[in-house]
Amino acid sequence: GKTLFQVLAMAGGIQQDAGYRIHLTRRVSSGPIPLASAREDATGENFTADISLKGLEDGSSAENVTILPNDFIAVPRAQVVWVIGDMKRTGGFALAEGQTVSVLEAIAMAEGPLRTAELSKASIQRVGADDKRTVIHVDLDKIMKQKAPDVQLQAKDILIVPGSGTHSVLDKTLAAIVTIGSGAIIRL
């Protein structure tokens with residue numbers, strides 16, 4: 001007899017890096033999910049529904065359905081862009097649903113570069129279709145002075161802003177992000 005919101009609270013609440021949708025799956029034998037968005041899956045064995053986390057957190061959502069035994073609740077992680085290096089604030093920045101950001105917007109989210117930042121030597125590390133990282137060199141100095149076009153970042157991109165004498169620290173930080181995917185996630 002617990003609602004979706006109550007079950008999420010019992011599980012420790014929503015993590016900071018949570019996405020913006022909750023996926024609910026219920027066996028057909030338990031009955032339908034009482035939501036207009038609920039659909040039967042391709043196997044015909046389950047109903048599925050996507051529920052807006054924002055509406056659920058506001059407490060005004062009609063999507064705060066009663067959870068039944070054997071229901072499966074999944075809260076995927078948000079899409080994230082990373083900013084590391086000689087910036088005032090580094091870490092992962094969670095993107096709002098459907099949001100994209102440019103390099104300049106990412107710099108603003110990171111509260112700008114430090115005085116020691118080597119803006120002309122910045123780069124973006126991007127995961128390709130083959131799961132290998134490619135490096136895209138960007139001259140932030142030119143972009144900030146509107147002498148070069150701003151570059152759109154994609155989810156999982158890492159914007160690296162080196163500073164004088166910080167290359168080894170950046171390499172270690174980048175290795176930690178790529179290897180374990182941890183770090184501070186900042187929700188926008």
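Residues numbered from 1 in each chain as written. Predicted model: local features only at pLDDT ≥ 70, side-chain atom pairs only at ≥ 80, totals over all residues. Heavy atoms only, no water.

Quick look at the overall build of the protein
Then, in step 1: The number of helices and strands found in the protein is five helices and twelve strands.
Then, in step 2: For the protein, with 188 residues in total, the buried portion stands at 37%.
Then, in step 3: For the protein, the accessible surface area stands at approximately 10,800 Å², while carbon and sulfur atoms represent 52% of it. (Helix = DSSP H or I, 4+ residues; strand = E, 2+ residues; numbered from the N terminus. Buried < 20%, exposed > 50% of the residue type's maximum accessible area, 1.4 Å probe, protein only. Areas by Shrake-Rupley, 256 points an atom, 1.4 Å probe, with all protein chains shown as cover.)

Thoughts on the nonpolar core
Then, in step 1: Ranked by size, the top nonpolar core spans 21 residues in total, and within it Leu140 and Leu159 carry the most contacts.
Then, in step 2: Mapped onto this core, the elements with two or more residues apiece are β5 (80-85), α3 (103-109), β8 (122-127), α4 (140-144) and β11 (158-161).
Then, in step 3: Ranked by the residues each element gives to this core, the list is headed by α3, at four residues.
Then, in step 4: Residues within four places of Leu159 in sequence aside, it is in contact with Trp82, Val83, Ile84, Val103, Ala106, Ile107, Ser123, Ile124 and Val138.
Then, in step 5: Counting 15 residues, the second-largest nonpolar core is a separate cluster that includes Ile22, Leu24, Leu56 and Ile67. (Core = buried A, V, L, I, M, F, W, Y, C linked by side-chain atoms within 4.5 Å. Contact = heavy atoms within 4.5 Å.)

Quick notes on the side chain of Arg126
Then, in step 1: Considering the arrangement of structural elements, one finds Arg126 in strand β8.
Then, in step 2: One polar contact links the side chain of Arg126 to the main-chain carbonyl oxygen of Gln152, over a distance of 3.1 Å. (Polar contact = N/O pair within 3.5 Å; in protein donor to acceptor, adjacent residues only side chain to side chain.)

Considerations on the sheet that holds strand β4 (residues 72-74)
Paired through backbone hydrogen bonds, the strands of a sheet run either parallel or antiparallel to each other.
Then, in step 1: In spatial order, the strands read β2-β3-β1-β4; together these four strands make up an open sheet with antiparallel pairing. In the strand order of this sheet, the two ends are held by β2 (39-40) and β4, each with one partner.
Then, in step 2: As paired elements, strand β1 (residues 21-27) and strand β3 (residues 46-52) share seven bridges and run antiparallel to each other. Across the sheet, residue Thr25 finds its bridge partner in β3, namely Thr48. (Pairing = 2+ DSSP bridges.)

Digging into the confidence of the model for the protein
Close inspection of predicted coordinates is inappropriate in any region flagged by low pLDDT.
Then, in step 1: Confidence in the prediction of the protein, expressed as mean pLDDT, is 85, and 86% of residues score 70 or more.
Then, in step 2: Predicted confidence in the protein is weakest over strand β12 (residues 185-187), with a mean pLDDT of 51, and strongest over β11, with 95. (pLDDT = per-residue confidence, 0-100.)

Focus: the pairing of strand β6 (residues 91-94)
Remember that side chains alternate between the two faces of the sheet whenever the strand is regular.
Then, in step 1: Pairing of β5 with β6, which is carried by four bridges, proceeds in the antiparallel orientation. When the bridges of β6 are listed, Val81 appears paired with Phe93.
Then, in step 2: The hairpin turn running from β5 into β6, its antiparallel successor, is five residues long.

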